[in-house]
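Remarks on the overall topology
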Amino acid sequence: MTAAHVTLCFLLRDGAHGEDVLLGTKKTGFGRGKVVGVGGHVEPGETASEAACREVKEEINVVVRADDLIPAGTVDFVFPARPDWDMATTVYLTRSWVGEPSESEEIAPAWFPVKQLPVERMWADAEHWLPAMIAGQRIKVRVALAPDNENVANVHTVEWADPGE
């Protein structure tokens, strides 16, 4: 089975005590109840950047232009106990958008200080790569989940060369 191509986009802003990142509590589907990044599947005929822009609009009701996306890297999620859940993820950051993030049927967005990510409410892998990408590291990450599909069995990280450069 081939991994699903998905995308994540993290909105960043200057907060009262440093940088903030927009995350959201997932209200439906895969990952329900977890705090996640905004994103989803790349549709046939779409580029990863087009999918990121579409997903941001659908999930938090703001408009991000593809030109304002900052490629951050990739994360391959491997679920040995559920290979049909495997995902090849393209990750973007942005500091520019139009509109105010608001709740949708799928996501309840909230701002979090980057230095205090709610890791206890996120997928267990996020703390292994998200802070590094936000800090400007461009990395390619492979996360293998444990048989329980929740905990991390292994994380492998290398520098990432953006194929668009």
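Going by the structure above, here's the rest.
Residues numbered from 1 in each chain as written. Predicted model: local features only at pLDDT ≥ 70, side-chain atom pairs only at ≥ 80, totals over all residues. Heavy atoms only, no water.

Turning to the environment of Glu103, a few remarks are in order. Residue placement: Glu103 occurs in the loop between strand 6 (87-94) and strand 7 (107-113). The sequence separation of Glu103 and Lys27 amounts to 76 residues, and the corresponding C-alpha distance is 9.9 Å. Excluding residues that lie within four positions of it along the chain, Glu103 makes contacts with Lys27, Asn61, Ala108 and Pro109. Within polar-contact distance, the side chain of Glu103 engages the side chain of Lys27 at 2.6 Å. (Helix = DSSP H or I, 4+ residues; strand = E, 2+ residues; numbered from the N terminus. Contact = heavy atoms within 4.5 Å. Polar contact = N/O pair within 3.5 Å; in protein donor to acceptor, adjacent residues only side chain to side chain.)

Right, let's get into the pattern of salt bridges. Enumeration over the complete set of coordinates arrives at 11 salt bridges. The residue Arg13 makes a salt bridge to Asp20 at a minimum N-O spacing of 3.3 Å. Judged by its relative accessible area of 34%, Arg13 is partly exposed. Under the relative-accessibility criterion, Asp20 is labelled buried at 10%. Between Lys27 and Glu103 there is a salt bridge, with its nearest N and O atoms 2.6 Å apart. With Lys27 in the loop between strand 2 (18-26) and strand 3 (35-36) and Glu103 in the loop between strand 6 and strand 7, this residue pair connects regions lying 76 residues apart in the sequence. (Salt bridge = Lys/Arg side-chain N within 4 Å of Asp/Glu carboxyl O. Buried < 20%, exposed > 50% of the residue type's maximum accessible area, 1.4 Å probe, protein only.)

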